[in-house]
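So you can see what is in the structure, the chains are spelled out below.
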Amino acid sequence: LRSLITDLDLTDVATTKLKDVSPLQVKLVDLGRQLLHQPACILLDEPFAGLSLKERSRLSEILNQLRSRYSDLSVMLVDHHKENVEKLCQSSLH
């Protein structure tokens, strides 16, 4: 659990109530809940929605870093921010 918290850049808010963290951190907590059970596949539905440009960029960085750690994980990503999706995915449907 601690390594997952570190991987998701949530160390500074690990003991903070969810209502008191940023929208990006809420999305990262949701992602962490999915990864905690070591699934073969996860669905990220609109992960960039409601985030600032800076937050979208940071989320993209974190997702790219997770790619190497969870190399056997398949991710289905649905989002309207096409540029972010194309940077992250090996293949995409338009």
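In what follows, the accompanying structure is described. (Residues numbered from 1 in each chain as written. Predicted model: local features only at pLDDT ≥ 70, side-chain atom pairs only at ≥ 80, totals over all residues. Heavy atoms only, no water.)

## As for the nonpolar core
Residues L8, L28, L31, L35, L59, L63 and L66 are the most contacted members of the largest nonpolar core, which totals 21 residues. Counting only elements with at least two residues in this core, the list comes to α2 (23-35), β1 (41-45), α3 (53-69) and α4 (82-88). Leaving out residues up to four positions away in the same chain, L31 has contacts with L8, I42, L44, L63 and L66. (Core = buried A, V, L, I, M, F, W, Y, C linked by side-chain atoms within 4.5 Å. Buried < 20%, exposed > 50% of the residue type's maximum accessible area, 1.4 Å probe, protein only. Helix = DSSP H or I, 4+ residues; strand = E, 2+ residues; numbered from the N terminus. Contact = heavy atoms within 4.5 Å.)

## Observations concerning the environment of S74
Here S74 lies in strand β2 (residues 74-78). Placed 35 residues apart in sequence, S74 and P39 show a C-alpha to C-alpha distance of 8.7 Å. The residues contacting S74, other than those within four sequence positions of it, are A40, C41 and I42.

## Describing the pairing of β1
Burial of β1 is one-sided: the residues I42 and L44 facing one way are buried, the residues C41, L43 and D45 facing the other way are not. Here 5 bridges tie β1 to β2, and the two strands are oriented parallel to one another. For I42, the partnering residue across the bridge sits in β2 and is V75. One crossover worth recording links β1 to the parallel β2 by way of α3, and it is right-handed. (Pairing = 2+ DSSP bridges. Right-handed = clockwise from strand over helix to strand, strands pointing away.)

## Details of the packing of α2 against α3
Remark: α2 packs on α3, axes separated minimally by 10 Å, with the N-to-C direction vectors making an angle of 20°. The orientation of α2 with respect to α3, classified from their angle, is roughly parallel. Where α2 crosses over α3, the two elements pack in a sense that is right-handed. Residue-level inspection shows P23, L24, L28, L31 and L35 of α2 in contact with α3, the latter providing E55, R58, L59, I62, L63 and L66. Partitioned by chemical class, the residues of the contact of α2 with α3 number 9 nonpolar, no polar and 2 charged. (Axes fitted to C-alpha atoms, helices over the stretch in contact; angles between N-to-C directions. Parallel < 35°, antiparallel > 145°, perpendicular 65-115°, else oblique. Left-handed = near helix turned anticlockwise from the far one by under 90°. Nonpolar A, V, L, I, M, F, W, Y, C, P; charged D, E, K, R; others polar.)

By themselves, these observations are geometric and do not establish any function.
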